[in-house]
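One letter stands for each residue in the lines below.
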Amino acid sequence: MTAYGSFPGARPRRLRTTPAMRRMVAETRLHPADLILPAFVREGIHEPVPISAMPGVVQHSRDTLRKAAVEALEAGVAGIMLFGVPDDAKKDGAGTAGTDPDGILQVAIRDVKAEVGDELVIMSDLCLDEYTDHGHCGVLDADGRVDNDATLERYAEMAQVQADAGVHVVGPSGMMDGQVGVVRDALDQTGHEDVSILAYTVKYSSAFYGPFREAVGSSLSGDRKTYQQDPANVRESLRELALDLEEGADMVMVKPAGPYLDVLAKVAGSVDVPVAAYQISGEFAMIEAAAEKGWIDREKAILESLTGIRRAGASMILTYWATEVAQGLGAGR
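Peer 1: Pulling in residues and values, what's your account of the overall build of the chain?
Peer 2: Broken down by element type, the chain carries 11 helices and 10 strands. For the chain, whose C-alpha radius of gyration is 21 Å, the value lies close to the compact-globule estimate of 20 Å for 333 residues. On the principal axes, the C-alpha backbone points of the chain span a range of 80 × 45 × 40 Å. Split into buried and exposed, the 333 residues of the chain put 50% on the buried side. Excluding contacts between residues fewer than 6 apart, the proportion of contacts in the chain whose partners are at least 24 apart in sequence is 74%.

What follows is the structure in structure tokens.
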């Protein structure tokens, strides 16, 4: 028997003894209001289309998107990020379906706004990749390279039509230099000063985007390494952060989330604006696939992954599990 006062005097395990104790002293908590649901809406369909690489996630019809928005709202989710999937026949080199006031994304924004009003934050992806026949996030020059400044002109048009449709937040995600400033000017000059910008400040050229390409019906050939960031770099991310804030970003994002928690922590520790992180399609797919094989406990892995992102500094998390997790949190699970 150990004598009184001998080692160990400090016993951290005392604070781990019961679930109630662990819950009481937890340093990081998930709440439904931390979560944002990414959702895809596809033109011309009447039933949802499953995405094979993302079990449980679908390309919504307009009707099922409305229902998904209401379900997210009732679960306590903070927002919904909308991605449009146009008919392939409407894709062209300039991505004109993305700036058509009656394009699928603008229609979807109006649908969701009519359904939930201002009770759910409606966000929209501001990028051309879903709408171009070459699948890049901008227009191409004569040599087939993405033309940064010509693309900015298109982004300004996209910002206007999305704001006209009633969106609360635009998310410029194409990683063009100067995109936040151009979008801010476009919004302000068209009477949309109250529309916020969630800047995709740190967006890496990642292998984990694979399932997303199916989700949006991407036409991409090649890669996006000339405009998305090199996974080897972090100082570059902090430079992008400074530029986006200077240009008027209201919120900033790190994408992907899980492989870049170190970057997320640096960003979160450097700013006084809300910081989002996007748990992307490949992160989702890995957990679902491993769980389907019986290799991991699905629910515990989901919550652990989200808690890690929150612990690293994200005040908002975009995740395809948003509604499911929010429902579980609301049930006290």
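Peer 1: Summarise the nonpolar core; cite the residues concerned and give the values.
Peer 2: Ile80, Leu82 and Tyr155 are the most contacted members of the largest nonpolar core, which totals 92 residues. In this structure, Leu82 is in contact with Ala39, Leu65, Leu105, Ala108, Ile109, Val112, Ile122, Met123, Ser124 and Asp125, ignoring residues within four places of it in sequence.

Peer 1: Tell me about the side chain of Asp125, and name the residues and values.
Peer 2: Looking at the element boundaries, Asp125 is found in strand S5 (residues 121–126). The side chain of Asp125 sits in the buried core without any salt bridge; Lys203 is the nearest counter-charge, 5.9 Å away. In terms of polar contacts, Asp125 uses its side chain to reach the side chain of Ser173, at 2.7 Å. For Asp125, the contacting residues outside a window of four places in its chain are Met81, Leu82, Phe83, Leu105, Glu130, Gln162, Gly171, Ser173 and Tyr200.

Peer 1: Account for the pattern of salt bridges, naming residues and giving values.
Peer 2: Under the criterion given, the structure shown has 15 salt bridges. Salt-bridge contacts for Asp111 lead to Arg62; the nearest nitrogen and oxygen are separated by 2.6 Å. Of this pair, Asp111 sits in helix H3 (residues 104–116) while Arg62 sits in helix H2 (residues 62–75), placing them 49 residues apart in sequence. With its nearest N and O atoms 3.5 Å apart, the salt bridge here joins Lys91 to Asp88. Residue class for Lys91 comes out buried when judged on its relative accessible area of 10%. For Asp88, a relative accessible area of 60% translates into the label exposed. In this structure, a network of salt bridges that share partners links the residues Arg62, Asp63, Arg66 and Asp111.

Peer 1: Mind laying out unusual backbone geometry, listing which residues take part and the relevant values?
Peer 2: The omega torsion across Lys255 and Pro256 is -5°, close enough to zero to call that bond cis. On the secondary structure map, Pro256 appears in the loop between strand S8 (251–255) and helix H8 (261–268). In this model, Met175 sits at a positive phi of 60°, which is unusual for a non-glycine residue. With respect to the helices and strands, Met175 occurs in the loop between strand S6 (169–172) and helix H5 (179–189).

Peer 1: Describe H2, listing the residues and the values that go with them.
Peer 2: Taking 1.5 Å of rise per residue, 14 residues should cover 20 Å, and H2 covers 20 Å from first to last C-alpha, within 8% of that figure. The complete set of buried residues in H2 reads Thr64, Leu65, Ala68, Ala69, Ala72 and Ala75. Looking straight down H2, one finds that the buried residues subtend no more than 145° of arc, so they occupy a single side. Opposite the packed face of H2, turned more than 90 degrees from it, sit the exposed residues Lys67 and Glu74. Downstream of H2 by a residue or two, Gly76 has a phi angle that is positive, lying close to 95°.

Peer 1: Hey, could you go over the pairing of strand S1 (residues 35–42) for me, with residue numbers and the actual values?
Peer 2: The element S1 is largely enclosed, with a buried count of 7 among its 8 residues. Pairing between S1 and strand S10 (residues 316–318): 2 bridges, direction parallel. Following the sheet pairing, Leu35 is matched in S10 by Ile317. Where S1 meets strand S4 (residues 79–85), 7 bridges bridge the pair, whose relative direction is parallel. Paired with Ile36 across the strands is Gly79, a residue of S4. Note: S1 against strand S3 (residues 58–60), 2 bridges, orientation parallel. For Phe40, the partnering residue across the bridge sits in S3 and is Gln59.

Peer 1: Would you mind going over the environment of Arg29 in detail, with residue names and values included?
Peer 2: In this fold, Arg29 is placed in the loop between helix H1 (19–25) and S1. Here Arg29 falls in the partly exposed class, since its relative accessible area comes to 46%. Apart from the residues within four sequence positions on either side, Arg29 is in contact with Arg23, Met24, Asp34 and Arg310. A distance of 3.0 Å separates a polar atom in the side chain of Arg29 from the backbone oxygen of Arg23.

About the cut-offs
Residues numbered from 1 in each chain as written. Predicted model: local features only at pLDDT ≥ 70, side-chain atom pairs only at ≥ 80, totals over all residues. Heavy atoms only, no water. Helix = DSSP H or I, 4+ residues; strand = E, 2+ residues; numbered from the N terminus. Rg over C-alpha atoms; globule rule 2.2 N^0.38 Å. Buried < 20%, exposed > 50% of the residue type's maximum accessible area, 1.4 Å probe, protein only. Contact = heavy atoms within 4.5 Å. Core = buried A, V, L, I, M, F, W, Y, C linked by side-chain atoms within 4.5 Å. Lys, Arg positive; Asp, Glu negative; His and termini not counted. Salt bridge = Lys/Arg side-chain N within 4 Å of Asp/Glu carboxyl O. Polar contact = N/O pair within 3.5 Å; in protein donor to acceptor, adjacent residues only side chain to side chain. Expected span 1.5 Å × (residues − 1). Arc of directions from axis to C-beta. Pairing = 2+ DSSP bridges.

No statement about biological role is implied by the geometric values presented.
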